[in-house]
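Letter by letter, the chains look like this.
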Amino acid sequence: MSEQFEPVIVGFLCNWCSYRAADLAGTARIKYAPNLRPIRVMCSGRVDPQFVLQAFRSGADGVLIAGCHPGECHYVNGNIKALRRFALLRKTLEQWGIEQERVQLLWASASEGTILAAAVDRMTEEVRTLGPLRWGEKVLIDEAVLAVGEEV
Amino acid sequence: MTDNGKPKLAMYWASSCGGCEISVLNIHENILTVDEVFDIAFFPCIADFKYKDVHNYPDGYIDICLFNGAIRNEENEEMAHLLRKKSKVMVAFGSCAYEGCIPALSNLTTKADTFNKVYIDNPSIDNPDGIFPQLVTKVDEGDLTLPNFYHTVSSLDQVVDVDYYIPGCPPEPHQIWAVLQIVVAALTAGGPLPPAGAIIGAGTTALCDECEREKKEKTISKIYRPFEIEPDPDQCLLEQGLICMGIATRSGCGALCPSVGIGCRGCYGPPDGVEDQGAKMLSAIASVLEVGDETMEEDHLEELIQKAVDDIADPAGTFYRFSMAHSILKRVKNGKGAA
Amino acid sequence: MTDMKKSPTEQERVGVYVCHCGSNIAGTIDVDEVAKFAEKNPNVVVSRNYEFMCSSTGQELIENDIKEQGLSRIVVASCSPHMHEKTFREATERGGLNPFLYEMANIREHGSWATNDKEAATIKAKALVNGAIERVVHHAPLEKIPVSINPNTLIVGGGIAGITAALELAEAGHHVYLVERDGTIGGHMAQIDKTFPTLDCSACILTPKMVDVGQNDNITLLTYSEVESVEGYIGNFNITVRKKARCVIEDLCTSCGDCEEKCPQKVVDNDYGAGISTRKAIYRSFPQAVPGYPVLDKENCTYFQTGKCKICEQVCPTHAIDYEQKDEMLNFDVGNIILATGYDLFDARKIPQYGYGRLPNVFSSMEFERMVNASGPTSGHIVLRDGVTHPKSVAIVHCVGSRDQNYNEYCSKVCCMYSLKFAHLVHEHLPGAEVYNFYIDMRTPGKGYEEFYHRLLKEGTHFVRGRVAEITDADRNPGEENKLIVQAENTLLGQQQRTPVDMVILSAGIQARHDAEEVSKLFKMGCDYDGFFNERHPKLAPVATMTDGIFIAGACQGPKDIPDTVAQGGAAASQVAKLISQGTVMMEPVRASIREDECSGCRICNTLCPYNAIEYDEEKDVSRVITALCQGCGTCVAACPSSVIDGAHFTNTQVFAELKGILWDVQEEITAKQEAI
């Protein structure tokens, strides 16, 4: 087991495009970072911002939302709503202190297994550089303990 | 302490503004009924009570305690535990106790930054030696202690078990009276009480149920700050581009703010079944922001959407204005969130 | 806080099955460890690992355990749900449980196949399995939704694909609406002279089929018509078609052709005639047009442009001309749709160095096809643009716009064969002419195709293996004056070659129709990267689309020759016939529903559904999902600010449970830290 920090990234993959892209990456035996833990949804438009927040709260270091390219959504434009929510969510998360690299949106069609694999590799390294987030521990416990210690 | 057999009522304020107390008094002449039915066991706002009075009560002595205010410091938490012990029914009264409310917006910053702002870096302070209040200060007569100021503001149910919640900033007088009537009926005539953990004195659905404005199919083409436009008095405010939290806020207040042209701020908290009010509001608004469509180039689409989203000046502060302590993330990391 | 209900999940009895998939999974993941880990979950009663879960023995494990151990939920950790979700759902059902009380953890495609790190793969597998267990306890039994199938079918496009499909269905006794944009059916095949490799006359094999279509009572032929709107879902589509005004009263017209003959206005025929022949303002594309009613081209008609003429009206013996005729909107219901909208030819003007459109004697393949046709503008004589001179040498350039990263990367499949056909036709019409075929590879995969190539070799065709770099009239060497010079590298000789010829034919590739994307949006389906309609699965479902009830056939799905087009037309018809004979289909129950008594009528959801499945009840002030229209994407579920829309099988409770489940190891670290403080 490597001593370096292994980020845990939760992925919300849409059934028709990005989940199949991940399947294709596996079928083609493309090796990529095992740090992504996928959750299947029917469409990226199903991704409720509450899921992203809960993922961070439950200890994830990063969240990836992956859907079909605009114009190719199996449900016509679910991914457009996902994009709009993502833009507002990311802006809000910045205020919460969560860096942009920790929550990413990716378009990957069913045939783009290599693109998905490369994106997961890239994001894993970006999150590794940022360090663990571990919200329940570092933010809710450690920072509070630190504040006590900062005795003013 | 005299025990005349009347049920005991307590109302305590933790980290709060006093508005809840005023709202209780705003039930006007009904307060006389309250006085008739209840014995006031502990209500520091209106009469002189000491903490040791509460310590001396037997456990469960207080029938119903209306605890308002958030848990900001050690004293607030101590009183929460004490009153919980001494009360049969603990009510988280008002948005502060229920979900953090305005005090919880302090979770956008840190204890260190707060202290710095209050005691050092502000225009009306003169503190050349940089003195901060101390937890313990030795004086000739002994030790003076101050309660510890917590890094994070919590809601009441995050420190003690809560039996009921009455939401609102403040809860509306007619709702307070409705709840008190139920309690009075339960205590005097054996009437039914709502199930433990219930949110009472409010509706269950979103505010739109109570709002008189006309609602069409919701699409927003641009978001405006309240000072930027004069809203049409009959049309839904959100449809006009003004942020109204009503869609993600529990009904019960009668949609007071929208009825005078101000978007709902969300002070009654989320409707039943919602984990995180801010996140749901964010999701709903972004979903209907009619900017860009699937026929556009990816880059252009992202640019348009980003521009529209940037019109919302302070999403964390706006969407979590009242519910921050109850939100999924609860506080900001490293205190960078203050706008 | 909000979820005060006591969870019933403690009573579930979950069976977990970790598949080895031979060494596909077990070679990387410690399947034993994963199974033992799963057993520790308080909801899990049985946890096994097995060689091949998808085998009948594996499936029987599930069935028997359900019966003998009283299992209430099943988790299989194996491959992708796209492989075997159906298999294991059926096994679950045979065991006596509702098939939706089953969840799958993808530890093969997403696990063992994607990494060499055994430890990390096992950690990931445990996380995914735990997520599945935590999720499945919240699954509810769901029933598939029966939908009745209207036996009528809409076929869009009257080329050979659409004609084949229409006849197959009509002859099976089912009614078909065949909608064609042009005034006649026939498509591109009607433009072709001879078909490879048999050199059948294209019109001779096509026109009998066209006549069959025109005469079949089960086919409502709507030509000069376009689909305006498509509403509904499989079995229940409502279609609106605009029947454009051809200014001819069909009931009165006898197809005598007098109007066409007497019309004084000649127009360049850019459609059927590929721009090298003319037609009249009132015209039939070709004499064997079905239906035989002409079309009046208002843009080029003297009467419509200037108010004068009206000769056709005067001449028509049955008074069938009606200048006032308006477009007609037709509305009807169908159960299934087949799209057979064909292809466009690649526009060779996009390759300026080939000189098409600038150098007069550079011809596109369709121009040549029309020229060499006996019913064409030159009566089948191969002549230069001057209309008189026979070329003594002809160059045929393969792969124009195809196999080219600058234009279309794919191979258009038919061009080698039709280029050989052209070579043969030149030899036939102009004995003694020199014919040069410039090719990259010779692609002749069909029956008789390779033999056809050999024939052309024997006929004395010069084959130059090299992509043409340039076609120019700038002569440099003696013998090049007044010629077109084809510059290419002859890769077999390993040297540059300049070949002076009189005529050049550019074998342009096949590409998707210019409006394919708009059409796909009309039918709520997608196009692939190259613009062709997207099939459901490239190998196993080439004529189905992701949208149930909508099929594709022919070149609109991708470049192909006539035999393959006909095969696909028949295949699409057969799939439609299957649905019609079933009468009812069972739809996936992954749908949204709104809890009306909790809905505040905020109407946020109303505009979010691309299928218009959400309606607003003014009286009750609530919104409602029309279950049959809902496709289950969950967008409205995520958007609802009151969380009153339930997404069956993807509920918030289920997703949150899965989320917390897959983060079990991180959560454990945090809990330990909390307790330490």
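What counts and what doesn't
In every chain, residue numbers begin from 1 and rise along the written sequence. Ligands are numbered from 1 and chains lettered from A, in the order in which they are written. This being a predicted model, a pLDDT of at least 70 is required before a residue's local features are given, and a value of 80 or more before pairs of side-chain atoms are given or counted; all residues contribute to the totals for chains, interfaces and linings. Based on all heavy atoms of the structure, the side-chain values leave hydrogens and waters out of the count. Here a helix means four or more residues in a row that DSSP labels H or I, a strand means two or more in a row labelled E, and each is numbered from the N terminus. Radius of gyration here uses only the C-alpha atoms, and the compact-globule reference equals 2.2 Å multiplied by the residue count raised to the power 0.38. Salt bridges are defined as contacts in which a side-chain nitrogen from Lys or Arg sits within 4 Å of a carboxyl oxygen from Asp or Glu. For the exposure calls, accessible area comes from a 1.4 Å probe over protein chains only, and a residue counts as buried if that area is under 20% of its type's maximum, exposed if over 50%, partly exposed in between. Any two rings among Phe, Tyr and Trp, with Trp reduced to its six-membered ring, count as a pair given centres within 6.5 Å; such a pair is stacked if its planes are under 30 degrees apart, edge-to-face if over 60, and tilted if neither. Contacts are residue-level and defined by heavy atoms, with any inter-residue pair within 4.5 Å sufficient. We call two N or O atoms a polar contact when they sit within 3.5 Å, provided that within protein one can donate a hydrogen and the other can accept it, with sequence-adjacent residues counted only if both atoms are side-chain atoms. Each residue gets one label: Ala, Val, Leu, Ile, Met, Phe, Trp, Tyr, Cys and Pro are nonpolar, Asp, Glu, Lys and Arg are charged, and the others, such as Gly, are polar. What gets called buried area is simply the loss in accessible area from a 1.4 Å probe that two parts show on being joined, summed for both. Among buried residues, those of type Ala, Val, Leu, Ile, Met, Phe, Trp, Tyr and Cys that are joined through side-chain atoms within 4.5 Å constitute a nonpolar core. Lines fitted to the C-alpha atoms define the axes, with helices restricted to the stretch that makes contact. Angles between their N-to-C directions range from 0 to 180 degrees. Each crossing gets its hand from how the near helix is turned against the far one by less than a right angle, where anticlockwise is left-handed and clockwise is right-handed. We call a pair of cysteine sulfur atoms a disulfide when they lie within 2.5 Å. The pairing criterion is simple: DSSP has to find at least two bridges between the two strands. What a helix is expected to span follows from its residue count: subtract one and scale by 1.5 Å. The split into domains, and so the bounds of each, comes from an automatic or database assignment of domains.

## With respect to the overall build of chain A
What chain A contains, in helices and strands, is 5 helices and 4 strands. Its helices and strands in sequence order give chain A the pattern β-α-β-α-β-α-β-α-α, from N to C terminus. In terms of overall size, chain A behaves like a compact globule, its C-alpha atoms giving a radius of gyration of 16 Å where 152 residues would be expected to give roughly 15 Å. Overall size of chain A, expressed as C-alpha extent along the three principal axes, is 55 × 35 × 20 Å.

## Brief notes about the pattern of salt bridges
Here the structure, examined in full by the defined rule, presents 58 salt bridges over all chains. We note a salt bridge from C:D327 to C:R242, for which the minimum N-O separation is 3.0 Å. Placement of C:D327 in the loop between helix 10 (311-315) and strand 17 (328-334) and of C:R242 in strand 12 (residues 236-243) is noted, with a sequence separation of 85 residues between them. In this structure C:D327 comes out as partly exposed when scored by relative accessible area, which is 36%. When salt bridges that share partners are traced, they join A:R40, C:E85, C:R89, C:K144 and C:E588 into one network.

## Focus on the packing of aromatic side chains
For the structure shown, the criterion picks out 29 aromatic pairs over all chains. Ring centres 6.3 Å apart and planes at 65° place the aromatic pair B:Y12 and B:Y51 in the edge-to-face group. Separated by 39 residues along the polypeptide, B:Y12 in strand 1 (residues 8-13) and B:Y51 in helix 3 (residues 51-56) bring together distant segments of the chain. The exposure class assigned to B:Y51 is partly exposed, which follows from its relative accessible area of 32%. Between C:F368 and C:F422, the aromatic rings sit 4.8 Å apart at their centres with planes inclined by 70°, giving edge-to-face as the arrangement.

## Quick notes on the interface of chain A and chain B
Across the boundary between the two partners, chain A contributes 41 residues, which contact 50 residues of chain B. The interface formed by chain A and chain B includes 3 salt bridges. Ionic pairing is found between B:D310 and A:K91, a salt bridge with its closest N-O pair at 3.5 Å. Linking chain A with chain B are 16 residue pairs in polar contact (both at pLDDT 80 or more), by the criterion used here. Mapped onto the side of chain A that touches chain B, the elements with two or more residues apiece are helix 2 (49-57), helix 3 (78-96) and helix 5 (135-149) of chain A. Grouping the constituent residues of the side of chain A that touches chain B by class yields 22 nonpolar, 8 polar and 11 charged.

## Here's the deal with the interface of chain A and chain C
Taken together, the contacts link 50 residues of chain A with 52 residues of chain C. Both faces considered, chain A and chain C share a buried interface measuring about 4,800 Å² in area, 61% of it formed by carbon and sulfur atoms. Its largest share of buried area at the contact with chain C, chain A owes to A:R37, A:R40 and A:R46, together 15% of the area lost on that side. Scanning the region where chain A abuts chain C turns up 3 salt bridges. Put simply, C:E85 and A:R40 hold a salt bridge, and the shortest N to O gap is 2.7 Å. At the surface where chain A touches chain C, the tally comes to 17 residue pairs in polar contact (both at pLDDT 80 or more). The residue inventory of the side of chain A that touches chain C, partitioned by class, reads 25 nonpolar, 12 polar and 13 charged.

## What about the nonpolar core?
The biggest cluster of nonpolar side chains holds 127 residues, and the ones touching the most others in it are A:F12, A:L93 and B:F319. Those residues within four positions of B:F319 in sequence are excluded, and the remaining contacts are A:L88, B:I243, B:M245, B:Q277, B:G278, B:M281, B:L282, B:I285 and B:I312. By size, the runner-up hydrophobic cluster in this structure holds 65 residues, among which are C:A592, C:V625, C:V637 and C:C640.

## Considering the environment of C:Q631
Turning to its location among the elements, C:Q631 is positioned in the loop between strand 33 (622-625) and helix 16 (635-639). Judged by relative accessible area, which is 28%, C:Q631 ranks as partly exposed. C-alpha separation for the pair C:Q631 and C:I662, spaced 31 residues apart in sequence, amounts to 27 Å. With residues up to four places along the chain from it excluded, the contact list for C:Q631 reads A:Y75, C:Y233, C:V590 and C:Y611.

## Observations concerning the side chain of C:S419
Residue and element names in this part refer to chain C. Mapped onto the elements of the fold, S419 is located in helix 12 (residues 415-429). Here S419 falls in the buried class, since its relative accessible area comes to 0%. Separated by 2.6 Å, the side chains of S419 and S507 make a polar contact. The contacts of S419, once residues within four sequence positions are left out, are I396, H398, N437 and S507.

## Describing the packing of helix 2 (residues 56-69) of chain C against helix 3 (residues 81-94) of chain C
All names here are of chain C. Put simply, helix 2 and helix 3 touch, their axes get as near as 8 Å, and they point 35° apart. By crossing handedness, the relation of helix 2 to helix 3 is classed as right-handed. Contact residues: Q59, I62, E63, I66 and K67 in helix 2; T87, F88, A91, T92 and R94 in helix 3. Considered class by class, the residues forming the contact of helix 2 with helix 3 number 4 nonpolar, 3 polar and 3 charged.

## Comments concerning the state of the cysteines
In the structure shown here, the tally under the stated rule is 1 disulfide over all chains. The structure places no disulfide on B:C244, whose sulfur is separated from the nearest cysteine sulfur, that of B:C264, by 5.1 Å. Given the relative accessible area of 11%, B:C244 is considered buried. A disulfide-free cysteine, C:C411 has its sulfur positioned 6.5 Å from the sulfur of C:C416, the nearest such atom. Its relative accessible area of 30% is what places C:C411 among the partly exposed residues.

## Some details on the pairing of strand 6 (residues 136-139) of chain B
All names here are of chain B. Where strand 6 meets strand 7 (residues 142-145), 4 bridges bridge the pair, whose relative direction is antiparallel. Residue K138 lies in a different strand from strand 7, and its bridge partner there is D143. Counting the residues that bridge the hairpin from strand 6 to strand 7 gives 2 residues.

## Focus on the sheet that holds strand 10 (residues 219-222) of chain C
Paired through their backbone hydrogen bonds, the strands of a sheet run either parallel or antiparallel. Residue and element names in this part refer to chain C. In spatial order, the strands read 10-7-6-18-29; together these 5 strands make up an open sheet with parallel pairing. Among the strands making up the open sheet, the edge pair consists of strand 10 and strand 29 (550-552). The sheet shows a mean angle of 20° between the axes of neighbouring strands, direction not considered. When strand 6 (residues 153-156) meets strand 7 (residues 176-179), the two strands line up parallel, connected through 4 bridges. Paired with T153 across the bridge in strand 7 is V176.

## Some details on helix 7 (residues 173-189) of chain B
For helix 7 of chain B, built from 17 residues, the straight-helix expectation of 24 Å at 1.5 Å per residue is met to within 8% by its first-to-last C-alpha distance of 23 Å. Taken together, the buried positions of helix 7 of chain B are occupied by B:P173, B:Q175, B:I176, B:W177, B:V179, B:L180, B:V183, B:V184 and B:A186.

## As for the sheet that holds strand 2 (residues 36-41) of chain A
Residues and elements named next belong to chain A. The strand order across the open sheet built from 4 strands is 2-1-3-4, with neighbouring strands paired in parallel fashion. Each end of this open sheet is capped by a strand with a single partner; those strands are strand 2 and strand 4 (103-107). Here the average twist between neighbouring strands, direction ignored, is 20°. The pairing of strand 1 (residues 9-14) with strand 3 (residues 62-67) spans 5 bridges and is parallel. Looking at the pairing, I9 lines up with G62 of strand 3. Relative to the sheet, helix 3 contacts strand 3 and strand 4, its axis offset from that of strand 4 by approximately 160°.

## What about the domain arrangement of chain C?
One can read the domain layout of chain C as domain 1 (2-144), domain 2 (153-340 + 552-582), domain 3 (344-511) and domain 4 (592-647). One C-alpha centre belongs to domain 1 of chain C, the other to domain 4 of chain C; they are set 33 Å apart.

## Some words on the side chain of B:H326
All names here are of chain B. Structurally, the position occupied by H326 is in the segment after helix 11 (315-319). Overall, H326 belongs to the buried group, its relative accessible area being 9%. One polar contact links the side chain of H326 to the main-chain carbonyl oxygen of Y98, over a distance of 2.9 Å. In terms of polar contacts, H326 uses its side chain to reach the side chain of S155, at 3.3 Å.

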